[in-house]
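Structural description and commentary
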Amino acid sequence: MAREKQPEAAAEAEGTPERSYREQLDYLNPIAQPLASRKLTRKLYKCIRKAAKHKQIRRGVKEVQKFINKGEKGITVLAGDTLPIDVYCHIPIMCEDRNLPYAYVPSKSDLGAAAGSKRPTCVIMIKPHEEYQETYDECLEEVGALPLPL
């Protein structure tokens, strides 16, 4: 009996059911540009998981902002469904000033989960590392190709 209850408890602990990429687009902020495509979003989550395994990510607005100011290089990934916008609207401007690539993904809860956390997070910076360099370079190229907002 205890085994039967564990899967139910796990389902209840997750809370909300998973939303598809298209459903997540309904909750985007007006400033969420450039938005990563479904395919690029999956690649970014994969790269974040690999980077988190090697402790090569910066998570949260304060930490990312601090290391951008210090001149650290990497791909900045922002969640497009964060409210209020004022919390992190300055991060894309800082990235543009320092020529750092950045992209928005639709969900902060998925972004936090990719980083290995139960908490949602609105900003993550992926630092380069030789263990996942191929995935990182692929993401860097595609994020760099995204059109910047006006």
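Residues numbered from 1 in each chain as written. Predicted model: local features only at pLDDT ≥ 70, side-chain atom pairs only at ≥ 80, totals over all residues. Heavy atoms only, no water.

- For the protein chain, an unreviewed UniProt entry supplies the name H/ACA ribonucleoprotein complex subunit 2 and the organism Accipiter nisus.
- Turning to the protein chain, the UniProt record has this under Sequence similarities (unreviewed entry): "Belongs to the eukaryotic ribosomal protein eL8 family."
- Per its UniProt entry, the protein chain bears the Subcellular location (unreviewed entry) comment "Nucleus, Nucleolus". (UniProt positions renumbered as here; feature names shortened; annotations may be inferred.)

1. Topic: the state of the cysteines
- On inspection of all chains with the given rule, the structure shows zero disulfides.
- Not part of a disulfide, Cys 139 finds its nearest cysteine sulfur in Cys 47, a span of 4.5 Å. (Disulfide = S-S within 2.5 Å.)

2. Regarding the pattern of salt bridges
- In this structure the tally under the stated criterion is four salt bridges.
- Between Lys 43 and Glu 138 there is a salt bridge, with its nearest N and O atoms 3.0 Å apart. You can see Lys 43 sitting in helix H3 (residues 38-53) and its partner Glu 138 sitting in helix H7 (residues 133-145), a full 95 residues away along the chain.
- Across the salt bridge formed by Lys 43 and Glu 142, the nearest N and O atoms sit 2.4 Å from each other. Here Lys 43, found in helix H3, pairs with Glu 142, found in helix H7; they are 99 residues apart in sequence, far enough to count as distant.
- By relative accessible area, which is 19% here, Lys 43 ends up buried.
- Among the residues examined, Glu 142 registers a relative accessible area of 27% and is labelled partly exposed.
- What you see here is one network of salt bridges that share partners, running through Lys 43, Glu 138 and Glu 142. (Salt bridge = Lys/Arg side-chain N within 4 Å of Asp/Glu carboxyl O. Helix = DSSP H or I, 4+ residues; strand = E, 2+ residues; numbered from the N terminus. Buried < 20%, exposed > 50% of the residue type's maximum accessible area, 1.4 Å probe, protein only.)

3. Re the packing of aromatic side chains
- The tally for this structure, following the rule as stated, stands at two aromatic pairs.
- Between Tyr 88 and Tyr 104, the aromatic rings sit 6.3 Å apart at their centres with planes inclined by 75°, giving edge-to-face as the arrangement. Of this pair, Tyr 88 sits in the loop between strand E2 (75-79) and helix H5 (91-97) while Tyr 104 sits in strand E3 (residues 102-105); the two residues are 16 residues apart in sequence, bridging distant segments of the chain. Here the two residues Tyr 88 and Tyr 104 agree in accessibility, since each one is buried.
- Aromatic side chains Tyr 102 and Tyr 104 sit 6.4 Å apart centroid to centroid with 80° between the ring planes, which places their arrangement in the edge-to-face category.
- A relative accessible area of 3% means that Tyr 102 is categorised as buried.
- Each member of the aromatic cluster is reached from another via a ring pair, and the members are Tyr 88, Tyr 102 and Tyr 104.
- The cationic tip of Arg 58 hangs over the ring face of Phe 67; the distance from NZ or CZ to the ring centre is 3.7 Å. (Phe/Tyr/Trp six-rings, centres within 6.5 Å; stacked < 30°, edge-to-face > 60°. Lys NZ or Arg CZ within 6 Å of the ring centre and 35° of its normal.)

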